[in-house]
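Secondary and tertiary structure notes
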Amino acid sequence: MSENQQIIGRDDINDLEAILAVTNDDADELIHAVHDNAEAIFTWDYEKGARPALNRLYEKAKGSQWNGETDLPWDTDVDQVAVTIANAETMGGIIGFGNDASVIVGTPFEKFGLEDWLKVGIETQNWTLSQFLHGEQGALLCTAKIVETVPWVDAKYYAATQVMDEARHVEVFAKYLDEKLSGHYPINPHLKLLLDDIVADSRWDMTYLGMQIMVEGLALAAFGFMQQITTEPLLKQLLRYVMSDEARHVAFGVLSLKEYYAGLTDAEMRDRQEFAFEAAVRMRDRFLQQEVWEKMGLSAKEVLPLVMASPQRTMFQSMLFSKIVPNCKKLGLLDANGGWLRQRFTELGVIQFEDNPDTGEEYDMFQLAAGETSG
Ligand SMILES: [Fe+2]
Ligand SMILES: [Fe+2]
C-alpha cells in the first residue's frame, strides 16, 4: 500500500473521484457521537506560571473577553446580493474567472447568466459561514478535551478560557447565519472526517496539532482574508473580534507543542508529520465546496477541474496555509525525518510561507485595542 493510500486513503492527492466519494453519511441527524479515547488527567502540581508563556496568554485572555450579544451591531441590514457584487469587484470577478467570458466557453458555466452567478455568490456565503460554524463547534469540543487531557496546570487554565471563547464564536456565527444569511449547510464531509479524527485520537498533543495548529491556523488566515475583503460592516467587526481570539488560540498551540515536540523521537515526530499532512489535505478538499456546485445543479466532478485551475483560486488556496506552514516549521515538523513534511507542503504548493512570522511571536498584533469593544 502506498504512503498516500495509508495516510489519506488515495494515491493521488488530486484524485477528484476519490475526493468526491467522501460523503457525509449522517447529514440529517441532529447529533453525531464520536468515541473519545483519551484519559482525563489530574495534576497535583498547582504551581501557576511554571510555564511563563502560557501564563502570559492566560492573563491576556482574562482581559480580552467580549460579548457577542452586546458588542456587535446586530441591527445592521445585510443584503447578500450587494455583498456578492462587492466581493466580486474586489476579487476581480466571481469565483476567480475574472471578467473574461472566453475562459468559460464550452464549459457548464457557459449558460450561466448574472442571476446564476449571484446565486453562486450567495450560496458560497451560506456555505462558508456554515463551515466556520461547524469548525467552531469542533474547537469548542477539542478545547474542552484539552482541559481534561493536558498534564500542565498553566495549559488547563488557558484552555478553560479558550472554551469560553469558542462558545462565543459558535454563538455569533450561528446568529449571523440565522439572522443575516439565507440558508445552512451541514458539515462538509472532509471537515467532518478531520474533526472526528482529532477528537478520537488518544494522544493529548494530537488535539492541539489538529485543532490549534491546523484547523485554527487555517481559520486565522481565512478569517483574515474575508475580514479584509468584505465591505459588510457587521461581518467585518465579527471577524475582527473572532480573529483577536484565534491568534491567541494558535499561539497556545505553538507555545505548548514547542516544548513537547523538542523531546519526541523521530518515529513519534513522523506520526505528527503524517497527521499534519492528512489535516492539510482534508482542509484543502473541503474548500472545493462540492455541495455548492451540486446545489447549483452542476456536476462537481465536471466543474471542479475548472475551478481548481483558476489563478485566483490557486492563490486563495495557498494563502489559507500562510499561518500553518511557519508554525509547523517552528515546531520542527517541516524538517524532522529528512524534511518529510517540507516535501509534502512543497507538493501542495504552500512551502513559500515557511519564513513568515510564527503565531507564537505575532499574536499580540491581533489583540483588540482598549476601547475597541463597547463591553
Ligand atoms: Fe474559534
Ligand atoms: Fe479558536
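Structure: see above.
Here's a quick rundown of the structure.

Parameters at a glance
- All chains use their own residue numbering, which begins from 1 and follows the written sequence.
- Whichever chain is written first is A, and whichever ligand is written first is 1; the rest continue in order.
- Where local features are concerned, this predicted model is filtered to residues with pLDDT of at least 70; where side-chain atom pairs are given and counted, the filter is 80 or more; whole-chain, interface and lining totals use all residues.
- Helix and strand assignments come from DSSP, with helices taken as H or I runs of at least 4 residues and strands as E runs of at least 2, each series counted from the N terminus.
- Any residue whose C-beta has 12 or fewer other C-beta atoms within 10 Å is treated as exposed, any with 20 or more as buried, and any in between as partly exposed, C-beta atoms being built from the backbone.
- Residues are defined as contacting one another if the C-beta atoms placed from their backbone atoms lie within 7 Å.
- Under this scheme, a helix contributes an axis fitted over its contacting stretch, all axes are lines through C-alpha atoms, and angles between N-to-C directions fall in the 0 to 180 degree range.
- Angular relationships are summarised with four words: roughly parallel below 35 degrees, roughly antiparallel beyond 145, roughly perpendicular across 65 to 115, and oblique for the angles in between.
- Here the term charged refers only to Asp, Glu, Lys and Arg, the term nonpolar to Ala, Val, Leu, Ile, Met, Phe, Trp, Tyr, Cys and Pro, and the term polar to all other amino acids, Gly among them.

Time to look at the overall build of the protein chain. Counting its regular elements, the protein chain contains 16 helices and zero strands. Projecting the C-alpha coordinates of the protein chain onto the three principal axes gives extents of approximately 65 × 55 × 40 Å. Scored against the burial criterion, the 375 residues of the protein chain give a buried share of 39%. For the protein chain, the proportion of contacts with a sequence separation of at least 24, taken over those separated by at least 6, is 84%.

Below, the discussion takes up the environment of methionine 283. Along the chain, methionine 283 turns up in helix 10 (residues 266–286). Distance from methionine 283 to leucine 218, taken between C-alpha atoms, is 8.3 Å for residues 65 residues apart in sequence. Beyond its immediate stretch of four places on either side in the chain, methionine 283 contacts Leu194, Met214 and Leu218.

The subject of this paragraph is the packing of helix 4 (residues 80–91) against helix 5 (residues 114–149). Relative placement of two packed helices is described by the angle separating their axes and the distance separating the axes. Between helix 4 and helix 5, whose axes approach to 9 Å, the crossing angle comes to 100 degrees. In terms of orientation, helix 4 and helix 5 fall into the roughly perpendicular class. Between helix 4 and helix 5, the contacting residues are Gln80, Val81, Val83, Thr84, Asn87 and Ala88 on the first element and Leu118, Gly121, Ile122 and Gln125 on the second. Taken together, the residues of the contact of helix 4 with helix 5 break down into five nonpolar, five polar and no charged.

What follows is about the environment of arginine 51. Tracing the backbone through its elements, the reader meets arginine 51 in the loop between helix 2 (16–21) and helix 3 (52–62). According to the C-beta neighbour criterion, arginine 51 is partly exposed, with 19 such atoms within 10 Å. C-alpha of arginine 51 to C-alpha of leucine 114: the two residues are 63 residues apart in sequence and 56 Å apart in space. When near neighbours in sequence (up to four residues on either side) are disregarded, arginine 51 contacts Trp152 and Asp154.

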